[in-house]
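# A structural walkthrough
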Amino acid sequence: MKVVLARRHACGSVGLRGLFAVLCLLAVLFCIPPMRAHESMPHVLVINSYHPGYSWSEWEVYGLLNLPLSALPEGTEVLNRPVSYYQTYRLRIIGIGLVIGLLSTAVVVLVVNVLRRRRAESALYQSNERFQLIARATNDAVWDWNPGTGEMWWNESYRAMLGTPDDAKPGFEAWCADIHPEDRAHVVASLLAAVAGEEPTWSAEYRYRRSDGADGFVFTRACFLRGEGGRVVRALGAMTDMTARKQAEERLRRLATAVEQATELIIVLDRQGTIEYVNPAFVRNTGFMQIDALGQPFWFLFEAPGEVPPLELIERRIQETGSWSDRYKFRRKDGSALSEQLVISPIREQGVDTVGFVLVARDVTNEMKLEEQVRFSQKMEAIGLLAGGVAHDFNNILQIILGHTQLALEFDLSPSESREGLVSVKEATERAMQLTRQLLVFGRKQSMLMEDLDPNQLVSDLLKMVRRLIGEHINVEFSPRRELGNIRVNRGQMEQVLMNLCVNARDAMPDGGRLAINIENVSFDSGFCETHPWAKPGRYLRMGVADTGCGMDAATLARIFDPFFTTKPKDKGTGLGLSVVYGIVQQHDGLIDVDSEPGAGTAFRIYLPIVERAVGSGAGKPGGAPARGKGTILLVEDESAVRKLATKMLERGGYDVLSAGDGREAIEVFKLHADEISLLMLDVVMPNMGGREAYERIAALRPGIPVLFCSGYSADVLEPGFVPGPGMQMIQKPYTPEDVWRRLHDLLDPTGGAAGKSSGSAAP
C-alpha cells in the first residue's frame, strides 16, 4: 500500500459553509485555540494499492476535493483528510450551544419576571396612591383593620370627625373606645360576629363620642377580604357622619308633630294655589276630609269666594311685606261658617324662588265674641258718660218747660208773658228733639228713610246755609263734578254730617281760612284695603271736607269720635257732633277717614257706597204750611195724652178722627167703619198688638190702604232695614202739626205724587 502525504492550509481544504460556520463559532466563542493548531497541519490523502496515487494538486485539478467518499473505490482510506471544526469539536459546540441557550432562556425569564414585578409594583404604588388620595379627599372616616394582628389605620377625616389627637396611635381598641358607651357592646359584638361569619360586608348605625365629650351619630359600612378557610385577613370600613342629618330629621319630626298637633288650620298650596296638604286640625274644624281638599283651589274654602283677592295680588303683597293676612269666613262641610284669621307666607327654594305657599288659619269665632263683649262693655261705659251728659242737658230743658208751665198755671200772666213762656217751651222742646235724635244716631237707632240723591245737588243746597253759618271770614270752595255716582242716604242725616263738619272747621279757624269741599268717585281694591284697615273693597263716593285750621295732635285725633269728648269750652260744645257723624256714616254702611296735624289743618273724608239707581226727588223740604185736608183718619195710639194731642192736631188740619188704644181695638173699629176710613195712623209699639201686625190684618181686609207709622224708637222696630213702600210713610216722635199734615197730604192727595212714593225724608 502506498501512502502519499500532502501538506496544505485548512483554508484551502474546507468548504465555504464550513468556513462560515467556523467564523460564526469563532465570533461566538471569540477565539478557540484548537482551531488555530489545525489551520497549519498538512492534509494527506492515502489511497490503497489498487489505485494510483495523486498529488493534492492533482486532486484539485480534477475537482475531486469535494468528491464524496462513496465515490472512491472500496478499500480507499483517506488519511489526514481536512475536516470541519464542527466535526472535530461537535460535542463541545453542542454543549456550549445548550449552555448558551439555557443561559439566554434564564436571562429572558429573569428579565420578564423583573419587568412584571416592576409593573405590579408600579400598579400597586398607583393603587395605594389612589387609595390615599381618596381617603384624604373623602369626608368619610376610612379605616383599615387587620383582625389577625389587630393593626389598624385610619385617615385624617377619621381624626377630624372623632376629634382624635394627632399623636394617638390607631388600633382596634382605640376604635372601640370612640363608640358611645351605651352602644359599644352591641356594635363590637355585631362586628366580631360578622368577621367570624361568612358575610362579605357589615354595617351599623350608632352613636359615637368625640374626645371633647360631644356625641354624634355615624353610619359605618365595612367590606372583608377573606383568605384560606374564610378567615378575614383585612377589613376596610368607611364611617359617614349622620349627626347633621339626624338633627335635621329630628327637627323635621318635631315640625311634623307640631303641624299635626297644631290647633290652627295649616294648608300647603302649590304655585297655582292648589291644596297639597292639610293638617288634622283642618279636618276637625271644617269637617272636610283630606281627600276632599287635596287638589282643590284654596278659595273653595271661603264662604264668599268672590271676596277673596286673586292669588297674583296676594303674591304681590307677599313680595312687598313678606306675608299676607286678612280675616274671612270659611265654610264648613255642614254649611255653617267659621271666622278665620288668615296668614299666607311663601315657600321658597334656595331662599329665592317661590315654589308654593303655606296658609295658616286661626279660628277667631270666639275671639270675635269676646271682642263684641269688650265693645259692649266699652259701649256701656260710653252710655254711662252719655247718661251724665244727657241728664245735664235734659234737666236744663225740663227746667225751662216746667218753670214756664208752672208760672202759667199759678200766676195770671199777661198775653205777652204767656207767649214768651210758650216760645221758650217750644225752643226747649226742639232742643230736646234734636238731642234725642243725636242719641239715636249715636246708638245707630235713627229712623232710616232713604232716598237716592245727586251728591252735587245735596252739597249745593246745603252750602247756602253753610256760608251764612260760618261767616264771611272763611272762604268756602266747592266745584260740582260730572258723572258722579248716586248715593242712597237719608237727606236730613247727610245734611247733619256736612253741617257738623263745617261747624267744626269754622271753630278751628277763628281768624279765617279756607274750607274746601270736594266730591269724587273712588274704588277700593283688596290691595288698598290691606294697607288701609279701615277700608272695604267697593265703589264709593268720597265727600271731603278740609280746612286750614289749627289741626290736632295724635292723642286728640285718636279720641275725636268718642261721645262727649271735645276740645271746645264747656259752653261751646257738647262733644256729640263727631260721634253723631261717625254713627250716621256707619249707619249708611260708609267709611270715614281723618288726617290732621297741628298747624296744618284737618281733612275729613267720608265714603258712601255708590248705587246704580235713578235720582229720586224725595219728599223735599217744607215750603210752607200745607193746605187743609179732608177724610177720616183711624188714629191708633196707646198713650192717652198723646192720642188726645194727635186728635186735636188732625182735627185742626181738617180731618175726621176715629181713635183706638191698641191694634186689636183698631181692627174692630176698622171693621165697623171700613168704608169711611181713608188712612191709618198707627203707633208702632203698643201693648196687645203692635202697629205693624194691625196694619197687615187691616190690609188683608182692604189692600193698599195708606198708612202713616209713628214711633218714638226707630224703623228697626218694624223690621231691620225697613224702607216704606208705596202708600206707606213713617214719622218720628215728637212731631209737629205741620209735619203730620204734610205727610197726610202726601199720602192722600194723588196730585201731590206722594201716594206712589217709595220713600220720604225723615222727620225734621
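Look up a bit, the structure's there.
The structure contained in this document is the topic of the report that follows. None of these values were measured; they are calculated from a predicted model. (Residues numbered from 1 in each chain as written. Predicted model: local features only at pLDDT ≥ 70, side-chain atom pairs only at ≥ 80, totals over all residues. Heavy atoms only, no water.)

The next point concerns the nonpolar core. One finds Val 459, Leu 501 and Leu 515 to be the most contacted residues of the largest nonpolar core, which totals 41 residues. Those residues in contact with Val 459 that sit more than four places away from it in its chain are Phe 478, Leu 498, Ile 517, Ile 519 and Met 543. Formed by 27 residues, the second largest nonpolar core is a distinct cluster that contains Trp 143, Tyr 206, Tyr 208 and Ala 222. (Core = buried A, V, L, I, M, F, W, Y, C linked by side-chain atoms within 4.5 Å. Buried < 20%, exposed > 50% of the residue type's maximum accessible area, 1.4 Å probe, protein only. Contact = heavy atoms within 4.5 Å.)

So, about the packing of helix H22 (residues 663–672) against helix H23 (residues 691–701). Each pair of packed helices can be described by the angle between their axes along with the distance between the axes. Contact geometry of H22 with H23 gives a least axis separation of 9 Å together with a crossing angle of 20°. With respect to H23, the axis of H22 lies roughly parallel. Once H22 is placed against H23, the crossing between them reads as right-handed. Within the contact between the two elements, H22 uses Gly 663, Ala 666, Ile 667, Phe 670 and Lys 671 and H23 uses Ala 694, Arg 697, Ile 698 and Leu 701. Among the residues making up the contact of H22 with H23, the classes are represented as six nonpolar, one polar and two charged. (Axes fitted to C-alpha atoms, helices over the stretch in contact; angles between N-to-C directions. Helix = DSSP H or I, 4+ residues; strand = E, 2+ residues; numbered from the N terminus. Parallel < 35°, antiparallel > 145°, perpendicular 65-115°, else oblique. Left-handed = near helix turned anticlockwise from the far one by under 90°. Nonpolar A, V, L, I, M, F, W, Y, C, P; charged D, E, K, R; others polar.)

Of note, the phi angle at Asn 688 is positive, near 70°, even though the residue is not glycine. Residue position: Asn 688 is located in the loop between strand S20 (677–683) and H23.

Before going further, it helps to spend a moment on the sheet that holds strand S9 (residues 337–349). An order of S7-S6-S10-S9-S8 is seen for the five strands of this open sheet, with the pairing classed as antiparallel. Here the strands that pair on one side only, and so sit at the sheet edges, are strand S7 (275–278) and strand S8 (324–331). Averaged over all neighbouring strand pairs, the angle between strand axes comes to 30°, with direction disregarded. Where S8 meets S9, eight bridges bridge the pair, whose relative direction is antiparallel. Along S9, the bridge assignment pairs Ser 325 with Val 343. Helix H13 (residues 311–321) rests against S8, S9 and strand S10 (353–363) of the sheet, and its axis sits at about 65° to S9. (Pairing = 2+ DSSP bridges.)

With that out of the way, let us pick up the environment of Thr 243. Of note, Thr 243 is situated in helix H10 (residues 243–261). Take Thr 243: its relative accessible area is 15%, and that puts it in the buried class. Linking Thr 243 and Tyr 208, residues 35 residues apart in sequence, is a C-alpha distance of 9.7 Å. In contact with Thr 243, other than residues within four places in its own chain, are Tyr 208, Gly 216 and Phe 217.

This model, assessed by the stated rule, comprises 14 aromatic pairs. With a centroid separation of 5.5 Å and an interplanar angle of 70°, the aromatic rings of Phe 288 and Phe 300 are classed as edge-to-face. Here Phe 288, found in the loop between helix H11 (280–286) and helix H12 (290–293), pairs with Phe 300, found in the loop between H12 and H13; they are twelve residues apart in sequence, far enough to count as distant. Accessibility classification places Phe 288 together with Phe 300 in one group, the buried group. For the ring pair Phe 524 and Tyr 540, a centre distance of 5.4 Å and an interplane angle of 40° mean the geometry is tilted. Pair noted here: Phe 524 is in strand S14 (residues 513–524) and Tyr 540 is in strand S15 (residues 538–547), with a separation of 16 residues, a long-range link. (Phe/Tyr/Trp six-rings, centres within 6.5 Å; stacked < 30°, edge-to-face > 60°.)

The topology assignment puts Ala 194 in helix H9 (residues 181–196). Residue classification places Ala 194 among the buried positions, given a relative accessible area of 10%. The sequence separation of Ala 194 and Phe 224 amounts to 30 residues, and the corresponding C-alpha distance is 9.1 Å. Among residues more than four places away in sequence, those in contact with Ala 194 are Glu 199, Trp 202, Phe 224 and Arg 226.

The end-to-end C-alpha distance of helix H24 (residues 737–748) is 16 Å, a good match for the 16 Å that twelve residues give at a rise of 1.5 Å each. Inspection of H24 places Asp 739, Val 740, Trp 741, Arg 742, Arg 743, Leu 744, Asp 746 and Leu 747 among the buried residues, and these make up the whole buried set. Those residues of H24 that are buried are in contact with strand S18 (632–636), helix H21 (640–652), S20, strand S21 (707–711) and strand S22 (728–732). (Expected span 1.5 Å × (residues − 1).)

Here we take up the pattern of salt bridges. Taken as a whole, this structure holds 21 salt bridges when the rule is applied. Two residues, Arg 542 and Glu 520, come together in a salt bridge whose shortest N-O distance is 1.8 Å. Of this pair, Arg 542 sits in strand S15 while Glu 520 sits in strand S14, and the two are 22 residues apart along the sequence. On the basis of relative accessibility, which here comes to 21%, the residue Glu 520 falls in the partly exposed class. Shared partners join several salt bridges into a network, and the residues in it are Glu 182, Asp 183 and Arg 207. (Salt bridge = Lys/Arg side-chain N within 4 Å of Asp/Glu carboxyl O.)

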